[in-house]
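Chain by chain, the residues run as shown.
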Amino acid sequence: GCVQTSQVFVESINCIIPQGISPNNDGKNDSFDLTGYEVSRLEIFNRHGVKVYSKTNYTNEWHGQSDAGDELPVGTYFYLMEYQGNKTKTSWIYLNREN
């Protein structure tokens, strides 16, 4: 029957960033969801290093399209994201269009 209360300050929580999307309108992994990361800028590059998509104040708008709105082919893409003020992260994401 004892109760103890503690106050804890959490500086950061490491959330998992998706490493794949499948924009096939099945309601699962249809977009690159970075909600909660406070992303100020996201840039996505193809395997040749050509920037194919960029967005400021990003949440989850990329579903495999180029800046021009064209559907990008299946494959691995690389991204640079600036988030939570001054943090940056680079990594990859796989775009799959099959069901």
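All values reported here derive from a predicted model rather than from experimental measurement.

Scoring rules and cut-offs
- Residues numbered from 1 in each chain as written.
- Predicted model: local features only at pLDDT ≥ 70, side-chain atom pairs only at ≥ 80, totals over all residues.
- Heavy atoms only, no water.
- Salt bridge = Lys/Arg side-chain N within 4 Å of Asp/Glu carboxyl O.
- Helix = DSSP H or I, 4+ residues; strand = E, 2+ residues; numbered from the N terminus.
- Buried < 20%, exposed > 50% of the residue type's maximum accessible area, 1.4 Å probe, protein only.
- Phe/Tyr/Trp six-rings, centres within 6.5 Å; stacked < 30°, edge-to-face > 60°.
- Pairing = 2+ DSSP bridges.

Participant: Could you give an account of the pattern of salt bridges, with specific residues and numbers?
Facilitator: Evaluated as defined, the whole model comprises four salt bridges. For the salt bridge of Arg-41 with Glu-82, the shortest nitrogen-to-oxygen distance reads 2.3 Å. Of this pair, Arg-41 sits in strand β2 (residues 39-45) while Glu-82 is found in strand β4 (residues 75-83), placing the two residues 41 residues apart along the sequence. A residue is classified by how much of its surface remains accessible, and Arg-41, at 25% relative accessible area, is partly exposed. When its relative accessible area of 25% is taken as the criterion, Glu-82 is described as partly exposed. Across the pair Glu-43 and Lys-51 runs a salt bridge, and its minimum N-O distance is 3.3 Å. Of the residues examined, Lys-51 reaches a relative accessible area of 43% and is grouped as partly exposed.

Participant: Outline the packing of aromatic side chains, listing residues and values.
Facilitator: Counting across every chain of the model gives six aromatic pairs. Taking 6.4 Å as the distance between ring centres and 80 degrees as the angle between the ring planes, the aromatic pair formed by Phe-32 and Trp-62 counts as edge-to-face. Of this pair, Phe-32 sits in the loop between β1 (20-21) and β2 while Trp-62 sits in the loop between β3 (51-58) and β4, placing them 30 residues apart in sequence. Judged on exposure class, the residue Phe-32 and its partner Trp-62 are both buried. Centroid distance Trp-62 to Tyr-77: 6.0 Å. Interplanar angle 70 degrees. Geometry classified as edge-to-face. Pair noted here: Trp-62 is in the loop between β3 and β4 and Tyr-77 is in strand β4, with a separation of 15 residues, a long-range link. Tyr-77 sits in the buried class, given a relative accessible area of 4%.

Participant: Describe the sheet that holds β4, listing the residues and the values that go with them.
Facilitator: Remark on secondary structure: sheet strands pair via backbone hydrogen bonds, oriented parallel or antiparallel. A sheet is described by the order of its strands in space; here five strands give the open sequence β1-β5-β4-β2-β3, paired in mixed fashion. In this open sheet, the two strands that pair with only one neighbour each are β1 and β3. Summarising the sheet, β1 and strand β5 (residues 87-95) pair through two bridges and their orientation is parallel. Looking across to β5, one finds that Gly-20 is bridged to Tyr-94.

Structural measurements only, silent on function.
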